[in-house]
Amino acid sequence: MEFYEVINKRRSIRQFEDREIPRDVLERILDAGLKAPSSNHQRRWELVTLTEKPMIMELAKFIKPYPCRIQEPKSPQQEMFKIAYPRQRTMIEESACVILPWFQQKYPLSEDKNGYGLMDYGATWALIENMLLAATAEGLGSVVHIPVKKEPAQIKEFLKVPDGWALPALVVLGYAVKDPLLPRQVKATVENKVRWNRW
């Protein structure tokens, strides 16, 4: 798939077929993530990759599905809430693979006064985006779940991750069902979002 076609096709998919992803496909996706730029070229990442269904189902227990009271969405954001909130757990349960990209947190974001903490955090999001695009190129659906409240500590304990490592998101992969639920896209174009040379 041509690069700009991949960019245009990438969407957050939250409904998956019951189908395994071949190991070589996953390795290409993981490798694409690891090619991302990183702070001081340190690449302080460890990717915990879950493909065994019992492990994925155990992980899903820590993820809370959120109720959505919106019945008649009036905006793309409300459409997203209606689709995404109730599916936070089921999208993980249905997935074929969950990648947990941990980064070594040298500078806590809560105490960071110089912006150094953002370097490794930002680099991990570059890694995540590379994997999302690679998944699209491989014909897979993908979505992220950002762990909130008690989820980060529970996931860390479940996977026995040592201290000093942080998890910005879970990367959830699988083959999309036919006609998955998708909200309208918010319009973001060069014409309406780009300012040239000044604000």
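A brief look at the structure comes next. Note that the structure is a prediction, hence the values are computed from the model and not measured.

## So, the overall build of the protein
Moving on, step 1. A tally of helices and strands in the protein yields eight helices and five strands.
Moving on, step 2. In sequence order, the secondary structure elements of the protein are arranged as α-α-β-α-α-α-β-α-β-α-β-β-α.
Moving on, step 3. Here the C-alpha atoms of the protein give a radius of gyration of 18 Å, agreeing with the 16 Å that 2.2 N^0.38 yields for 199 residues.
Moving on, step 4. Across its three principal axes, the protein shows a C-alpha extent of roughly 55 × 45 × 35 Å.

## Describing the pattern of salt bridges
Moving on, step 1. The final tally for this structure, using the stated rule, is eleven salt bridges.
Moving on, step 2. The partner of Arg19 in a salt bridge is Glu17, with the nearest N and O atoms 3.5 Å apart.
Moving on, step 3. Arg19 gets classed as partly exposed once you look at its relative accessible area, which sits at 44%.
Moving on, step 4. Lys178 is paired through a salt bridge with Asp179; the nearest N and O atoms lie 3.3 Å apart. Asp179 shares its class with Lys178; the two are exposed.

## What to know about helix H7 (residues 151-159)
Moving on, step 1. Listed in full, the buried residues belonging to H7 are Glu151, Ile155 and Leu159. In an axial view of H7, the angular spread of the buried residues amounts to 50 degrees, which keeps them on one side of the axis. Exposed side of H7, more than 90 degrees from the buried face: Ala153 and Glu157 are the residues found there.
Moving on, step 2. If you follow the buried residues of H7, they end up packed against strand E1 (45-50), helix H3 (53-60), strand E2 (97-104), strand E3 (141-145) and strand E5 (170-174).
Moving on, step 3. Downstream of H7 by a residue or two, Lys160 has a phi angle that is positive, lying close to 55 degrees.

About the thresholds
- Residues numbered from 1 in each chain as written.
- Predicted model: local features only at pLDDT ≥ 70, side-chain atom pairs only at ≥ 80, totals over all residues.
- Heavy atoms only, no water.
- Helix = DSSP H or I, 4+ residues; strand = E, 2+ residues; numbered from the N terminus.
- Rg over C-alpha atoms; globule rule 2.2 N^0.38 Å.
- Salt bridge = Lys/Arg side-chain N within 4 Å of Asp/Glu carboxyl O.
- Buried < 20%, exposed > 50% of the residue type's maximum accessible area, 1.4 Å probe, protein only.
- Arc of directions from axis to C-beta.
- Contact = heavy atoms within 4.5 Å.

Function-wise, these values are silent; they only describe arrangement.
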